Amino acid sequence: MIEVTHLSKRYGATAAVDDLTFAVRPGAVTGFLGPNGAGKSTTIRAIVGLDRPTSGTATVNGRRYADLKAPLQEVGTMLDGRNAHPGRTAFGHLMGLARTHGMRRARVEQVIGLAGLESVARRRVGGFSLGMGQRLGIAAALLGDPPTLILDEPVNGLDPDGVRWIRHLLRALAEEGRTVFLSSHLMSELAETAGRVVVIGRGKLLADEDVATLVAETARAGSVRVRATDPGRLAQALRTAGAAVAVPEPGTLEVAGSTAGEIGALASRLGVTLLELSTTSGTLEDAYLNLTADAVQYRASTTTDQADAR
Ligand SMILES: Nc1ncnc2c1ncn2[C@@H]1O[C@H](COP(=O)(O)OP(=O)(O)OP(=O)(O)O)[C@@H](O)[C@H]1O
């Protein structure tokens, strides 16, 4: 379990992380989302002891990272896929890590298999594609067979096959009872992988929820697209019934606050023939953009304010 409690980190006048509190539990993949500059990397660096918080704490299984006896066996991290020496082979890089942490060659072979690196294990890391570098970073994170994994933007640079691979791997690791925490600035990347999401903006917590709850909330906020023989009459009746009706193009209605079934029944009562009736549920991406809209706007207006002040 990862626990972040009243965590704040300031860089001069910038509050990169501002009184952030959340917990990441085992047995699920938890996504860590926020727009660029929201404070995700700063939070992760505080969790793994690379940044000293201005105030508050970040612990893994109740202890600060610096106090962990065998960090590699307790927390697997991937903060930057490209931290291996370019002149080394993938195998050499992993073997070096394994030796300094008292791990056996068999484990190195195992993680090379898990990360799908068999065919390139003897090649120099300097010639690796971004995706291969990410796989190597994940292999290194898994080396100590840790119960907790923290991955900063692991999907970055992976092709569709790689994305599918990492989704399966992370879900399987969570199903084994591990704590899996990964950051992204794209909801779409996480929606199919994570069971839970922690969303931040401007260093503050915006949401800490099950993805299923977010999906349900988003679906409720969806709308119904309607084309009908007498759209004007149908629109009026819908408005009278309390629905919000927009007309995106002549003859087409966009209805919120009424289900497709209710609209169908109403049209039938009015004797209006429906030509189209389709539900458009809001996407998780929409929910995320709504959540973070203020954070992004704030950043944009701050830049403008600064420009105006000059
Ligand atoms: N070492 C530093 N010195 C000064 N400011 C910093 C430093 N590191 C981060 N910041 C600032 O803190 C804020 C949060 O940055 P952080 O990198 O944690 O965000 P992020 O959510 O990881 O963003 P991204 O998705 O772009 O990686 C930003 O305004 C950033 O400019």
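These numbers come from a predicted model, not from an experiment.

## A closer look at the overall build of the chain
For step 1, the next point in the chain: Regarding its fold elements, the chain presents 11 helices and 13 strands.
For step 2, the next point in the chain: For 310 residues, the compact-globule estimate of 2.2 N^0.38 gives 19 Å, and the chain exceeds it by more than 25% at 24 Å.
For step 3, the next point in the chain: The C-alpha extent of the chain, read off along each of the three principal axes, is 80 × 50 × 40 Å.
For step 4, the next point in the chain: With 310 residues in all, the chain has 45% of them scored as buried.
For step 5, the next point in the chain: Restricting to contacts in the chain with at least 6 residues of sequence separation, those with at least 24 account for 69%.
For step 6, the next point in the chain: Across the chain, the 34 positively charged side chains and the 32 negatively charged ones have centroids separated by 7 Å.

## Section: the sheet that holds strand E13 (residues 274-280)
For step 1, the next point in the chain: The antiparallel open sheet is built from 4 strands, whose spatial order is E11-E12-E10-E13. Of all the strands in the sheet, the pair left with one neighbour each is strand E11 (244-249) and E13. For this sheet, the mean inter-axis angle between neighbouring strands, taken without regard to orientation, is 25°.
For step 2, the next point in the chain: As paired elements, E11 and strand E12 (residues 252-256) share 4 bridges and run antiparallel to each other. Note on E12: the bridge partner recorded for Ala244 is Ala256.
For step 3, the next point in the chain: Docked against the sheet, helix H9 (residues 231-240) engages strand E10 (223-228), E11, E12 and E13, running at close to 10° with respect to E12.
For step 4, the next point in the chain: Contacts from helix H10 (residues 260-270) reach E10, E12 and E13, with the element oriented near 165° to E13.

## Side note on H10
For step 1, the next point in the chain: Among the residues of H10, those classed as buried are Ile263, Leu266 and Ala267. Buried residues of H10, seen end-on, are gathered within an arc of 100° and therefore sit on one face of the element. H10 presents Gly261, Ser268 and Arg269 as exposed residues on the side facing more than 90 degrees away from its buried surface.
For step 2, the next point in the chain: The secondary structure elements touched by the buried residues of H10 are E10, H9, E12 and E13.

## Re unusual backbone geometry
For step 1, the next point in the chain: Despite not being glycine, Asp19 has its phi angle at roughly 55°, a positive value.
For step 2, the next point in the chain: Within the secondary structure layout, Asp19 lies in strand E2 (residues 14-24).
For step 3, the next point in the chain: A positive phi angle, close to 50°, is found at Glu153, a residue other than glycine.
For step 4, the next point in the chain: By the element assignment, Glu153 lies in the loop between strand E6 (148-152) and helix H6 (160-175).

## Details of the sheet that holds strand E4 (residues 55-60)
For step 1, the next point in the chain: In space, the 3 strands of this open sheet follow the order E2-E1-E4, with antiparallel pairing throughout. In the strand order of this sheet, the two ends are held by E2 and E4, each with one partner. Direction aside, the axes of adjacent strands within the sheet are offset by 20° on average.
For step 2, the next point in the chain: In the sheet, strand E1 (residues 2-11) pairs with E4 via 5 bridges, with the strands oriented antiparallel. From the neighbouring strand, Ile2 faces E4, where its bridge partner is Val60.
For step 3, the next point in the chain: Sheet contacts for helix H1 (residues 40-47): E1, E2 and E4; angle to E1, the most-contacted strand, approximately 120°.

## Topic: the site of the ligand
For step 1, the next point in the chain: The environment of the ligand is made up of Tyr11, Thr14, Ala16, Pro35, Asn36, Gly37, Ala38, Gly39, Lys40, Ser41, Thr42 and Arg45.
For step 2, the next point in the chain: Gly37 has a polar backbone atom sitting 2.7 Å from an oxygen atom of the ligand.
For step 3, the next point in the chain: Take Ala38: an N or O atom from its main chain is 3.1 Å from an oxygen atom of the ligand.
For step 4, the next point in the chain: Computed on the free molecule, the ligand has an accessible area of 630 Å², of which 62% lies beneath the protein chains in the complex.
For step 5, the next point in the chain: At the level of secondary structure, the elements contributing two or more residues to the shell around the ligand comprise E2 and H1.
For step 6, the next point in the chain: If one sorts the elements of the shell around the ligand by residue count, H1 sits on top with 4 residues.
For step 7, the next point in the chain: Classifying every residue of the shell around the ligand by side-chain character gives 4 nonpolar, 6 polar and 2 charged.

## Points about the side chain of Asp51
For step 1, the next point in the chain: Within the secondary structure, Asp51 is located in the loop between H1 and E4.
For step 2, the next point in the chain: Since its relative accessible area comes to 16%, Asp51 is described here as buried.
For step 3, the next point in the chain: Among the polar contacts listed, one links the side chain of Asp51 to the side chain of Tyr11, at a separation of 2.7 Å.
For step 4, the next point in the chain: At 3.1 Å, the side chain of Asp51 and the side chain of Arg45 are in polar contact.

So, how was this worked out
Here the residue numbers are simple positions, counted from 1 along each chain's written sequence. Where local features are concerned, this predicted model is filtered to residues with pLDDT of at least 70; where side-chain atom pairs are given and counted, the filter is 80 or more; whole-chain, interface and lining totals use all residues. With hydrogens and water excluded, all non-hydrogen atoms of the structure serve as input to the side-chain values. The way it works is that DSSP assigns letters per residue, a run of H or I at least four long becomes a helix, a run of E at least two long becomes a strand, and they are numbered from the N terminus. Both definitions apply: the radius of gyration is a C-alpha atom measure, and the globule rule equals 2.2 Å times residues to the power 0.38. Categorising residues by exposure relies on relative accessible area from a 1.4 Å probe, with only protein chains included: less than 20% of the type maximum marks a residue as buried, more than 50% marks it as exposed, and the intermediate range marks it as partly exposed. In what follows, residue pairs with any heavy atoms lying within 4.5 Å of each other are defined as contacts. Counted as positive: Lys and Arg. Counted as negative: Asp and Glu. His and the chain ends are not counted at all. Charged groups are reduced to one reference atom each: NZ for lysine, CZ for arginine, CG for aspartic acid, CD for glutamic acid. Strand pairing follows a simple DSSP-based rule, namely that at least 2 bridges must link the two strands. A fitted line through C-alpha atoms represents every axis, and for helices the fit uses only the stretch in contact; the resulting angles, taken between N-to-C directions, go from 0 to 180 degrees. Directions are taken from the helix axis to each C-beta atom, and the arc is the one they span. Being near a molecule or strand, for a residue, means having at least one of its heavy atoms within 4 Å of it. Each polar contact in these results corresponds to two N or O atoms within 3.5 Å; when the atoms are within protein, one needs to be able to donate a hydrogen and the other to accept it, and residues that are neighboring in sequence are counted only if both atoms are side-chain atoms. All accessibility values rest on the Shrake-Rupley procedure with a 1.4 Å probe; residue burial counts only the protein chains present in the view. Amino acids are sorted into nonpolar (Ala, Val, Leu, Ile, Met, Phe, Trp, Tyr, Cys and Pro), charged (Asp, Glu, Lys and Arg) and polar (every other residue, Gly among them).

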